[in-house]
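One-letter residues, chain by chain:
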Amino acid sequence: MGSYDGAECCELVVAYLLSQLEPLYGNSIGLYRDDGLAVFNEPPRKIEQIKKNICDIFKKNGLLITIEANKRVVNFLDVTLEFQRGAYKPYLKPGNTPLYVNAKSNHPRTSHEQSLKALTTDFLASHPTRMNSRNPSNNTRTH
């Protein structure tokens, strides 16, 4: 469990780190709290140099980072990204069960509206526009 303002502190750190990374790499790097994603179309040797530079920036700020490079499929937040195919599909970490507000609860109206939006988004993400007829469990939405 984190502190009440843990997310806000994390957002400040992320903004600061991005301010150091952006001049070097533009918007090729995205960070969200404790997750990050970088996409480069470079040869493996150049990717290793980029990894080292990013690790050095984090280290100078008293932080450690683990970087996996040259991946073709990545689970980032709640999405599986398949870079070569330009496809994506929903991703849930093992053991993670989504929770929603009960429609009959006394939560504020905005909570119910946000839950409805989340359910709609989840439904659309799990009913993709591009279907893989050989393996229905592998259905993906393409970009």
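Because the structure is a prediction, the values reported are computed rather than measured.

A. Spotlight on the pairing of strand β5 (residues 87-90). Of the strand pairs in this sheet, strand β4 (residues 79-82) and β5 are connected by four bridges, and their pairing is antiparallel. Looking at the pairing, threonine 80 lines up with lysine 89 of β5. Connecting the antiparallel pair β4 and β5 is a turn made up of four residues, with glycine 86 showing a positive phi of about 65 degrees.

B. Layout of the environment of cysteine 10. Summarising the element assignment, cysteine 10 is placed in helix α1 (residues 6-25). Overall, the relative accessible area of 23% leaves cysteine 10 in the partly exposed class. In contact with cysteine 10, not counting residues within four places along its chain, are Arg33 and Asp34.

C. Inspection of the pairing of strand β2 (residues 35-38) at higher detail. Strand direction decides the pairing type here: strand β1 (residues 29-32) and β2, joined by four bridges, are antiparallel. If you follow glycine 30 over to β2, its bridge partner there is leucine 37. In textbook terms, the turn of a hairpin is the stretch between consecutive antiparallel strands, and for β1 and β2 this stretch comprises two residues, one of which, arginine 33, has a positive phi near 50 degrees.

D. Fine view of the nonpolar core. Counting residues in each nonpolar core, the largest one holds eight residues, listed as Leu17, Leu21, Tyr25, Ile29, Ile50, Ile54, Ile57 and Phe58. Sorting the residues of this core by element identifies α1 and α2 (44-60) as the ones contributing at least two each. Among the elements that line this core, the one with the most residues is α2, at four residues. Sequence-distant contacts of tyrosine 25, that is, excluding residues within four places in its chain, are made with Phe40, Ile50, Asn53 and Ile54.

E. Region of the structure containing the packing of aromatic side chains. Enumeration according to the criterion identifies one aromatic pair in this entry. Consider the rings of tyrosine 25 and phenylalanine 40, whose centres lie 5.6 Å apart with planes at 75 degrees: the pair is edge-to-face. Of this pair, tyrosine 25 sits in helix α1 while phenylalanine 40 is found in the loop between β2 and α2, placing the two residues 15 residues apart along the sequence. With relative accessibility at 23%, the residue phenylalanine 40 sits in the partly exposed group.

Rules used throughout
Here the residue index of a chain counts from 1 through its sequence in written order. Residue-level local features of this predicted model are given only where pLDDT is at least 70; pairs of side-chain atoms are given and counted only at 80 or more, and the full residue set underlies all totals for whole chains, interfaces and linings. In computing side-chain properties, one takes all heavy atoms of the structure into account and sets aside hydrogens as well as water. We treat two strands as partners when DSSP finds at least two bridges between them. Runs of H or I in DSSP of at least four residues are treated as helices and runs of E of at least two as strands, each being numbered from the N terminus. Each residue's exposure class comes from its accessible area (1.4 Å probe, protein chains only) as a fraction of the maximum for that residue type: buried when under 20%, exposed when over 50%, partly exposed otherwise. The contact criterion used throughout is that any non-hydrogen atoms of two residues lie within 4.5 Å. We define the nonpolar core as a collection of buried residues of types Ala, Val, Leu, Ile, Met, Phe, Trp, Tyr and Cys that are connected through side-chain atoms lying within 4.5 Å of one another. Aromatic rings from Phe, Tyr and Trp, taking only the six-membered ring of Trp, are treated as a pair when their centres fall within 6.5 Å; an angle between ring planes under 30 degrees marks them as stacked, one over 60 as edge-to-face, and anything in between as tilted.

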